[in-house]
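Examination of the molecular architecture
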Amino acid sequence: MKRACSVPLLLVSLLAALSVPAAGTPKGRVRSVEVTSLTRQKAFLFVRTTLPSAARGSTQKFRGTATAWGVSVPLVQPVKVAVQRSGEGFDAVFLAEIDLAAVPKGIVEKGSATALPVALKGTLAGEAGTAVTVDAAGALRPGTADLVAHRELGDGFVRFAGSRISGVGLAETKGEARLAVFNPFRFDVSLRGLRYELASGGRAVARGSRQGVIVRPTRENEIALPLTVSNAAALAAAAKAVASGGRLSGRLTGEIVLKLGTGDVKLPIASSGTIEVLP
């Protein structure tokens, strides 16, 4: 399946990133992180590792700490781990669950869109009271198989909430679209800007951009997006709208630019909705 930079990929970066310990050499390696499921409350991840040792049994439990860029990440404990021998060590897949509302603000303030050092530290417990210490780290690369999150997982966080075009055929045609963005965290998220295009029937009707938007915590935020309307395209849309009660199906595409640490993350917009065409 095609990998893309998206809301789920951003959440991988924000939530699954686990930073390298300040001292000591890790004895295991974190190979990759994959978002397997995503809701407005929880993120579910596969954290694939190679460990030099493990407790007894194919299913074990991990208790310990995870950090992102030096900031604690709230893993739901204990974490179930699938373990199998591989060569002289063990392949261990951590089936991690993260409470999004408990993620601290420092994740966004200290994060990086270009590098993702990761680590896990704690205890792996298995059958018959066996246990081993886990100390694993890795340097994951955004945009590669190190980090996997499919675009459709973000559908519950961004949606096209409709648009309106008015004054078609006059000297000035006006338009506005609305984008609903859900912020699952307990802190404000800053968007540097948005760029977008509104289309109907495969034809661009309007375009626009907006800068400096604050997305408020733990709720859906409706953002007004001003549109620059193409009169020719608007007239064609208006002609179609006459036969459908003034409404057309439309699609909003573009990107959201999110401020992350000292850099930016670009998240794609691709959502369908309704275009209301008014005289």
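Definitions and limits used
- Residues numbered from 1 in each chain as written.
- Predicted model: local features only at pLDDT ≥ 70, side-chain atom pairs only at ≥ 80, totals over all residues.
- Heavy atoms only, no water.
- Helix = DSSP H or I, 4+ residues; strand = E, 2+ residues; numbered from the N terminus.
- Buried < 20%, exposed > 50% of the residue type's maximum accessible area, 1.4 Å probe, protein only.
- Contact = heavy atoms within 4.5 Å.
- Areas by Shrake-Rupley, 256 points an atom, 1.4 Å probe, with all protein chains shown as cover.
- Salt bridge = Lys/Arg side-chain N within 4 Å of Asp/Glu carboxyl O.
- Polar contact = N/O pair within 3.5 Å; in protein donor to acceptor, adjacent residues only side chain to side chain.
- Pairing = 2+ DSSP bridges.
- Axes fitted to C-alpha atoms, helices over the stretch in contact; angles between N-to-C directions.
- Core = buried A, V, L, I, M, F, W, Y, C linked by side-chain atoms within 4.5 Å.
- Phe/Tyr/Trp six-rings, centres within 6.5 Å; stacked < 30°, edge-to-face > 60°.

When you go through the protein chain residue by residue, the secondary structure sums to three helices and 16 strands. Every one of the 279 residues in the protein chain was classed for burial, and the buried ones make up 48%. Counted over contacts in the protein chain with a minimum sequence separation of 6, partners at least 24 positions apart contribute 68%. Accessible surface, the protein chain: about 13,200 Å² in total, of which carbon and sulfur atoms supply 51%.

The subject of this paragraph is the pattern of salt bridges. A complete count under the given rule lists twelve salt bridges for this structure. Note that Arg141 and Asp146 form a salt bridge whose closest N and O atoms lie 3.1 Å from each other. With a relative accessible area of 52%, Arg141 lands in the exposed category. Its relative accessible area of 11% is what places Asp146 among the buried residues. A salt bridge links Arg195 to Glu255; its shortest N-O distance comes to 2.1 Å. In this pair, Arg195 sits in strand β12 (residues 189-200) while Glu255 sits in strand β15 (residues 247-260), placing the two residues 60 residues apart along the sequence. It is possible to trace a salt-bridge network through shared partners that takes in Arg40, Arg159 and Glu220.

Attention now moves to the side chain of Asn221. Tracing the backbone shows Asn221 in strand β14 (residues 219-229). For Asn221, a relative accessible area of 6% gives the class buried. Polar contacts involving the side chain of Asn221 include one to the main-chain amide nitrogen of Arg216, which spans 2.8 Å.

So, about unusual backbone geometry. For the bond from Gln77 to Pro78, the omega torsion is -10°, close enough to zero to count as cis. Checked against the element boundaries, Pro78 lands in the loop between β4 (71-72) and β5 (79-86). Residues other than glycine seldom take positive phi values, yet Ala128 does so here, at roughly 55°. Here Ala128 shows up in the loop between β7 (116-125) and β8 (131-140). Its identity is not glycine, yet Thr218 carries a phi of approximately 50°, on the positive side.

If you trace the seven strands once around the closed barrel, you get β10-β11-β14-β13-β12-β15-β16, paired in mixed fashion. Each adjacent strand pair in this sheet contributes to an overall mean axis angle of 25°, direction not counted. The sheet contact formed by strand β13 (residues 203-215) and β14 spans two bridges and is antiparallel. The residue bridging Ala206 from the neighbouring strand is Val229, located in β14.

Looking now at the pairing of β14. Sheet topology note: the strand β11 (residues 174-183)/β14 ladder contains ten bridges and is antiparallel. If you follow Glu176 over to β14, its bridge partner there is Pro226. Here β13 folds back onto β14, and the loop between the two strands holds three residues, one of which, Thr218, carries a positive phi near 50°.

So, on to the nonpolar core. If you look at the biggest cluster of nonpolar residues, it comprises 74 residues, and the most contacted ones within it are Phe94, Leu124, Leu179 and Leu252. Filtering out sequence-adjacent residues up to four positions away, Leu124 remains in contact with Leu51, Ala54, Ala55, Gln60, Lys61, Phe62, Val81, Val83, Thr130, Ala131, Val132 and Val134.

With that settled, the discussion passes to the packing of aromatic side chains. Enumeration according to the criterion identifies three aromatic pairs in this entry. Ring centres of Phe157 and Phe182 lie 6.2 Å apart, and the angle between their planes is 55°; on these two criteria the pair is classed as tilted. A residue pair is termed long-range when its members are at least 10 positions apart, and Phe157 in the loop between β9 (147-148) and β10 (158-166) and Phe182 in strand β11 qualify at 25 residues. Each member of the pair, Phe157 as well as Phe182, is classed as buried. Aromatic side chains Phe185 and Phe187 sit 5.2 Å apart centroid to centroid with 5° between the ring planes, which places their arrangement in the stacked category. Take Phe185 and Phe187: they sit in the same class, and that class is buried.

Now for the pairing of strand β1 (residues 28-38). With two bridges connecting them, β1 and β8 associate as parallel partners. Bridge assignment links Gly28 to a residue of β8, and that residue is Ala136. Across eight bridges, β1 lies against strand β2 (residues 42-51) in antiparallel orientation. Following the sheet pairing, Ser32 is matched in β2 by Arg48. Taken together, β1 and the strand that follows it, β2, pair antiparallel across an intervening segment of three residues. Relative to β9, β1 runs parallel, the two being bridged by two bridges. Note on β9: the bridge partner recorded for Glu34 is Val148.

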